[in-house]
Amino acid sequence: MFLCLIQNLDAEFLYLVQLGVDTVPVLVGPVSYLLLSKPAKGVEKTFSLLSLLPKILPIYKEVISELKAAGASWIQFDEPTLVLDLDSHQLQAFTAAYADLESALSGLNVLIETYFADLTSEAYKTLVGLKGVTAYGLDLVRGTQTIDLVKAGFPEGKYLFAGVVDGRNIWANDLASSLSTLQQLEAIVGKDKLVVSTSSSLLHTAVDLVNETKLDDEIKSWLAFAAQKVVEVNALAKALAGQKDEAFFAANAAAQASRKSSPRVTNEAVQKAAAALKGSDHRRATNVSARLDAQQKKLNLPVLPTTTIGSFPQTLELRRVRREFKANKISEDNYIKAIKEEIKKVVDLQEELDIDVLVHGEPELIILQRNDMVEYFGEQLSGFAFTVNGWVQSYGSRCVKPPIIYGDVSRPKPMTVFWSSTAQSMTQRPMKGMLTGPVTILNWSFVRNDQPRFETCYQIALAIKDEVEDLEKAGINVIQIDEAALREGLPLRKSAHAFYLKWAVHSFRITNCGVQDTTQIHTHMCYSNFNDIIHSIIDMDADVITIENSRSDEKLLSVFREGVKYGAGIGPGVYDIHSPRIPSTEEIADRINKMLAVLETNILWVNPDCGLKTRKYAEVKPALDNMVAAAKLLRTQLASAK
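Residues numbered from 1 in each chain as written. Predicted model: local features only at pLDDT ≥ 70, side-chain atom pairs only at ≥ 80, totals over all residues. Heavy atoms only, no water.

### A look at the overall build of the chain
Here is step 1: What the chain contains, in helices and strands, is 23 helices and 16 strands.
Here is step 2: Computed over its C-alpha atoms, the radius of gyration of the chain comes to 27 Å, within 12% of the 26 Å expected for a compact globule of 642 residues.
Here is step 3: Principal-axis analysis of the C-alpha atoms places the extent of the chain at approximately 75 × 60 × 50 Å.
Here is step 4: Burial statistics for the chain: of 642 residues in total, 54% are counted as buried.
Here is step 5: Long-range pairs, those at least 24 residues apart, make up 78% of the contacts in the chain with a sequence separation of at least 6.
Here is step 6: Roughly 28200 Å² of accessible area belongs to the chain as shown, and the carbon and sulfur atoms make up 52% of that amount.
Here is step 7: Positive and negative side-chain charges of the chain, numbering 69 and 77 respectively, have mean locations separated by a distance of 2 Å. (Helix = DSSP H or I, 4+ residues; strand = E, 2+ residues; numbered from the N terminus. Rg over C-alpha atoms; globule rule 2.2 N^0.38 Å. Buried < 20%, exposed > 50% of the residue type's maximum accessible area, 1.4 Å probe, protein only. Contact = heavy atoms within 4.5 Å. Areas by Shrake-Rupley, 256 points an atom, 1.4 Å probe, with all protein chains shown as cover. Lys, Arg positive; Asp, Glu negative; His and termini not counted. Charge placed at Lys NZ, Arg CZ, Asp CG, Glu CD.)

Structure representation (structure tokens):
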């Protein structure tokens with residue numbers, strides 16, 4: 001596969017050469033390629049990925065030779081792992097790799113790019129000492145302290161690609177501030193050796209602000225998508241060369257001032273409420289064991305209770321209804337009627353399957369990307385703006401359209417109470433209220449950069465807290481607050497993990513600290529390996545956590561085998577919803593038995609790995625039927641054993 005990617009790069013470069021485009025081919029650097037890989041299943045844990053370096057370097061030499069023959073004068077290697085916490089052995093691998101490649105790189109200008117965080121002094125020393133390298137790219141937006149390393153010493157005659165334009169967010173650059181930074185760097189590295197650059201590739205931003213015809217002019221003036229960032233880079237480079245576009249800089253300064261002073265950005269009541277949170281712990285008054293007892297008396301659930309994560313299949317008919325409502329082709333009354341009918345269908349199916357705690361299926365969510373659980377709530381919160389064409393890559397070929405958090409966040413009115421109450425009125429069984437947690441809303445949005453992220457997260461937490469308490473008042477006794485992206489926000493450097501986890505966990509606790517003991521708070525997590533933050537998950541103090549397990553080869557269970565005690569309810573997923581395969585009753589029962597080997601019977605829940613919106617009813621119904629049958633089978637066996 002790696003060789004195939006290399007060959008594609010050669011073909012693409014040759015195609016651009018034929019078009020007369022002067023371009024720089026970009027490769028993942030050999031050390032980062034290995035450090036960001038993982039061993040195949042069954043490989044010994046002691047296996048060193050870096051032991052493969054001698055085997056892949058000949059392939060790099062081959063492609064370097066072909067790119068030179070095709071006319072390349074520059075080549076870029078991305079080595080983002082240089083910003084991680086690396087030991088001396090890993091740093092030495094960079095030195096060894098580029099020493100081996102030095103002769104192959106002869107005659108080329110070689111740029112090594114790093115991004116997303118600061119370099120340690122040891123990593124910086126390694127970087128600037130690499131053989132055969134002409135230039136170094138540094139992220140000076142997220143790597144705010146890296147500039148001090150440059151000031152302390154930069155190799156003579158080398159180029160510095162100064163990443164002063166943010167490649168990961170959508171805010172317009174403060175051109176005056178960036179120009180000042182560049183002038184400082186120019187005095188250190190030399191006028192002809194300083195290159196103005198973005199902090200990273202522009203893959204993480206939307207393409208062009210011109211495509212946004214529905215954003216109002218004021219907010220639009222505060223933004224810069226990929227096309228606008230290229231213009232900013234050029235404007236800064238020209239200004240540095242003495243050709244400053246005064247009108248462009250003046251317009252930028254006016255937009256910066258507008259953003260700072262706009263009453264749309266600042267809500268004093270929200271700021272005050274969020275500031276008051278910092279000195280408190282915000283835990284529920286009763287411990288989780290006592291709460292679970294109170295909840296069981298109210299809910300009267302069986303051993304190994306069954307539930308699903310939230311969403312049900314998004315049928316063609318449902319998509320048509322939502323599409324026509326968005327296009328004003330059907331009335332709001334007809335839309336509500338159609339959604340109620342869909343909810344009734346989902347409720348009836350779950351009762352037919354004999355699931356214990358129900359969901360309403362989330363048919364009201366407007367879009368079908370993983371970001372729907374953020375956009376739906378953002379549309380009902382103040383301080384959010386939305387794009388029409390602001391798509392960015394999520395993973396693979398999947399794209400999302402993140403909301404933009406531009407101001408203080410509050411909740412003008414209830415967001416989900418109507419739908420959850422409607423669903424609860426259709427059944428005597430517990431109906432889960434479904435919410436997205438503050439950390440996930442934060443991490444799946446473009447976040448304002450004029451205050452710390454934790455302050456914005458606290459504001460979102462207060463808005464979700466209002467919703468939780470309104471759901472409780474409406475008679476919803478089980479409320480799920482999803483935090484799918486909790487781990488996703490972990491900083492790259494371990495030294496910053498504790499601070500992030502402290503405010504992220506605190507934000508979750510804020511959302512539900514005011515509910516009664518009898519109200520059961522669930523959370524759901526997916527997409528990641530959570531073993532290394534299990535103690536923070538416990539500290540979230542949720543009553544029940546449902547978490548991805550089957551897709552990751554049940555790695556989650558290993559943390560409990562190693563002695564971690566968990567006293568709250570937990571539902572490690574019993575089957576992978578990302579696959580159309582329908583697991584048998586026996587297979588699911590076997591998975592549950594593995595869980596019972598390390599978890600107490602009275603805390604274990606039975607549920608799929610994640611939501612069901614990507615599946616078809618022909619897959620969902622038999623899979624859930626088998627899941628419920630497996631739970632009932634084991635209940636019978638447990639009762640017999642007693």
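From this point on, the discussion continues.
### Topic: the domain arrangement of the chain
Here is step 1: Domain parsing of the chain yields domain 1 (1-37 + 49-133), domain 2 (139-263) and domain 3 (288-562 + 571-641).
Here is step 2: The gap between the C-alpha centroids of domain 1 and domain 2 is 26 Å.
Here is step 3: Residue-level contacts link 14 residues of domain 1 with 19 residues of domain 2.
Here is step 4: Here domain 1 packs against domain 2, burying approximately 1300 Å² in sum over the two surfaces, 60% of which is carbon and sulfur.
Here is step 5: The largest per-residue losses of area from domain 1 upon contact with domain 2 belong to Phe116, Asp118 and Tyr124, which jointly make up 48% of the total buried on that side.
Here is step 6: Among the elements of the structure, strand E3 (109-113) and helix H5 (121-128) are those that each provide at least two residues to the side of domain 1 that touches domain 2.
Here is step 7: With three residues, H5 is the single largest residue contributor to the side of domain 1 that touches domain 2.
Here is step 8: Looking at the side of domain 1 that touches domain 2 residue by residue, the class counts come to nine nonpolar, three polar and two charged. (Domains from an automatic or database assignment. Buried area = accessible area lost by both parts, 1.4 Å probe. Nonpolar A, V, L, I, M, F, W, Y, C, P; charged D, E, K, R; others polar.)

### Quick look at the sheet that holds strand E15 (residues 544-547)
Within a sheet, each strand pairs with its neighbour through backbone hydrogen bonds, oriented either parallel or antiparallel.
Here is step 1: The strand order E11-E13-E14-E15-E16 describes an open sheet built from five strands, whose pairing is parallel. Among the strands making up the open sheet, the edge pair consists of strand E11 (432-436) and strand E16 (569-572). The average undirected angle you get between the axes of adjacent strands in this sheet is 20°.
Here is step 2: Pairing of strand E13 (residues 478-482) with strand E14 (residues 520-525), which is carried by three bridges, proceeds in the parallel orientation. Counterpart to Ile479 in the pairing with E14 is Ile521.
Here is step 3: Across the sheet, helix H18 (residues 453-473) lies against E11, E13 and E14, angled at about 175° from E11, the strand it touches most. (Pairing = 2+ DSSP bridges. Axes fitted to C-alpha atoms, helices over the stretch in contact; angles between N-to-C directions.)

### A look at a nonpolar patch on the surface
Here is step 1: Taken together, the side chains of Tyr15, Leu19 and Val21 define a hydrophobic patch exposed on the protein surface, amounting to about 300 Å² of accessible area.
Here is step 2: Mapped onto the secondary structure, Tyr15 falls in helix H1 (residues 2-18). (Patch = residues over 30% accessible without salt bridge, like charges linked within 9 Å, V, L, I, M, F, W, Y side chains within 5 Å. Salt bridge = Lys/Arg side-chain N within 4 Å of Asp/Glu carboxyl O.)

### Re helix H14 (residues 332-353)
Here is step 1: With 22 residues, H14 ought to run about 32 Å at 1.5 Å a step, and its terminal C-alpha atoms sit 32 Å apart, in line with that.
Here is step 2: Listing the buried residues of H14 in full gives Tyr335, Ile339, Glu342, Ile343, Val346, Val347, Leu349, Gln350 and Leu353. Angularly, the buried residues of H14 cover 160° about the axis, an arc narrow enough to put them on a single face. Exposed residues on H14 whose side chains face more than 90 degrees from its buried face are Asp333, Lys337 and Glu352.
Here is step 3: Elements that come into contact with the buried residues of H14 comprise helix H13 (316-326), helix H16 (417-424) and helix H23 (617-641). (Expected span 1.5 Å × (residues − 1). Arc of directions from axis to C-beta.)

### Topic: the nonpolar core
Here is step 1: In terms of nonpolar packing, the biggest core is built from 105 residues, with Tyr575, Ile592 and Leu624 touching the most fellow members.
Here is step 2: Residues within four places of Ile592 in sequence aside, it is in contact with Leu304, Val574, Leu604, Val606, Ala630, Ala631 and Leu634.
Here is step 3: Grouped together as the second largest cluster of nonpolar side chains are 62 residues, Leu34, Ile75, Leu82 and Val189 included. (Core = buried A, V, L, I, M, F, W, Y, C linked by side-chain atoms within 4.5 Å.)

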